[in-house]
Amino acid sequence: DKRFDVPAHLHDLILSRGGTVSSPVPSLIGAAASPVRCRIVDSRVGGDRAFWVRVWSQRILSCAERHRFAELRLPDHRRLEWLGARSAAKEAIVELVRERAGIDLLPADIEIVTGPDGQPIVTGVCVEALGAAPLVSFSHTDGVAAAVAATADQMQAVGFDIEFVKDRPA
């Protein structure tokens, strides 16, 4: 027998309907009526890493994204930040679709592909629900990943960056 201790931020993934791994960051955006949502996630996974990364990726990524994730040739912590950023973006989009169209989607219903200039492009059911592809931007650093998503009807572009505040040499 093997006991798998669930990392706290991944606990909701094992629920039958699924849950969120990211947390909202409302102070960065403002009012709930805003067309922008920002979410952040701790992308680090402790013990039983291979098992929990597989559970996480299966619940969040579409089939094509899971193939892309498996083919990533990055250090392990960067792969987890990649997964974390997409998780945060998809959960922000799920929130926008629920509020704007009254439709409950799962993160795996949304696919994020890389455009010709490297920009993330959202495809899937959410595009039909919102009338246009939502805009997204990712950022990650030191085991933390975040994303911002916005409806395209009121915004032309979104972008942001996160960094930990650190003392710099003189």
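Predicted, not measured: the structure shown is a model, and the values here were computed from it. (Residues numbered from 1 in each chain as written. Predicted model: local features only at pLDDT ≥ 70, side-chain atom pairs only at ≥ 80, totals over all residues. Heavy atoms only, no water.)

Engineer: Whenever I open this one, the overall build of the chain confuses me. Can you help?
Structural biologist: Tallying secondary structure elements over the chain gives five helices and six strands in all. Ordering the α and β elements of the chain from the N terminus gives β-α-β-α-α-α-β-β-α-β-β. Relative to its length of 170 residues, the chain is compact, with a C-alpha radius of gyration of 16 Å against a globular reference of 15 Å. Overall size of the chain, expressed as C-alpha extent along the three principal axes, is 50 × 50 × 35 Å. (Helix = DSSP H or I, 4+ residues; strand = E, 2+ residues; numbered from the N terminus. Rg over C-alpha atoms; globule rule 2.2 N^0.38 Å.)

Engineer: Explain the environment of Lys90 to me, please; I cannot follow it from the model alone.
Structural biologist: Among the secondary structure elements, Lys90 is positioned in helix α4 (residues 76-101). Here Lys90 falls in the buried class, since its relative accessible area comes to 0%. Taking the C-alpha atoms as reference points, Lys90 and Arg49, 41 residues apart in sequence, are found 22 Å from one another. Sequence-distant contacts of Lys90, defined by excluding residues within four places in its chain, comprise Ile60, Leu61, Ser62, Glu65, Pro107, Ala108, Ile110, Glu111 and Ile112. A polar side-chain atom of Lys90 sits 2.4 Å from a polar atom in the side chain of Glu65. (Buried < 20%, exposed > 50% of the residue type's maximum accessible area, 1.4 Å probe, protein only. Contact = heavy atoms within 4.5 Å. Polar contact = N/O pair within 3.5 Å; in protein donor to acceptor, adjacent residues only side chain to side chain.)

Engineer: What exactly am I supposed to notice about the packing of helix α2 (residues 49-60) against α4 here?
Structural biologist: Angle between the axes and distance between the axes are the two parameters that describe a pair of packed helices. With their axes 11 Å apart at the nearest point, α2 and α4 run at an angle of 30° to one another. The angle between the axes of α2 and α4 places the two elements in the roughly parallel class. In this structure, α2 crosses over α4, and the sense of that crossing is left-handed. Contacts from Arg49, Val53, Trp56, Ser57 and Ile60 of α2 reach α4 at Asp76, Leu80, Leu83, Gly84, Ser87, Lys90 and Glu91. Here the residues of the contact of α2 with α4 are counted per class, giving five nonpolar, three polar and four charged. (Axes fitted to C-alpha atoms, helices over the stretch in contact; angles between N-to-C directions. Parallel < 35°, antiparallel > 145°, perpendicular 65-115°, else oblique. Left-handed = near helix turned anticlockwise from the far one by under 90°. Nonpolar A, V, L, I, M, F, W, Y, C, P; charged D, E, K, R; others polar.)

Engineer: Would you mind showing me how to read the sheet that holds strand β6 (residues 144-150) here?
Structural biologist: The strands making up a sheet are joined through hydrogen bonds of the backbone, oriented either antiparallel or parallel. Spatially, the four strands line up as an open sheet ordered β1-β2-β6-β5, and their pairing is antiparallel. Looking at the sheet topology across the chains shown, the edges are occupied by β1 (23-24) and β5 (135-141). Packing against the sheet, α4 makes contact with β2 (36-42), β5 and β6, and its axis sits at approximately 30° to β6. (Pairing = 2+ DSSP bridges.)

Engineer: Got a minute to help me understand the nonpolar core in this structure?
Structural biologist: Formed by 16 residues in total, the largest nonpolar core has its most connected members in Leu10, Val45, Trp56, Leu61, Phe69, Trp82 and Leu83. Mapped by element, the contributors of at least two residues to this core are α2 and α4. When residues no more than four places from it in sequence are discounted, the contact partners of Phe69 are Val53, Ser57, Leu61, Arg79, Trp82 and Leu83. (Core = buried A, V, L, I, M, F, W, Y, C linked by side-chain atoms within 4.5 Å.)

Engineer: I would appreciate a short explanation of the pattern of salt bridges in the present structure.
Structural biologist: Where charged atoms from two side chains of opposite charge come close, those side chains can pair. On inspection of all chains with the given rule, the structure shows twelve salt bridges. With a closest N to O distance of 2.7 Å, Asp104 and Arg98 form a salt bridge. For Asp104, a relative accessible area of 48% puts it in the partly exposed group. For Arg98, a relative accessible area of 43% corresponds to the partly exposed category. One connected set of salt bridges, linked through shared partners, spans Arg37, Arg39, Glu91, Glu95 and Glu99. (Salt bridge = Lys/Arg side-chain N within 4 Å of Asp/Glu carboxyl O.)

Engineer: Please clarify how the side chain of Arg39 should be interpreted in this entry.
Structural biologist: One can find Arg39 in strand β2. Residue classification places Arg39 among the buried residues on the basis of a relative accessible area of 7%. There is a polar contact of 2.7 Å between the side chain of Arg39 and the side chain of Ser22. Leaving out residues up to four positions away in the same chain, Arg39 has contacts with Thr20, Ser22, Ser23, Pro24, Val25, Ala88, Glu91, Ala92, Glu95, Ala145, Ala146 and Ala147.

On their own, these measurements won't tell you what the molecule is for.
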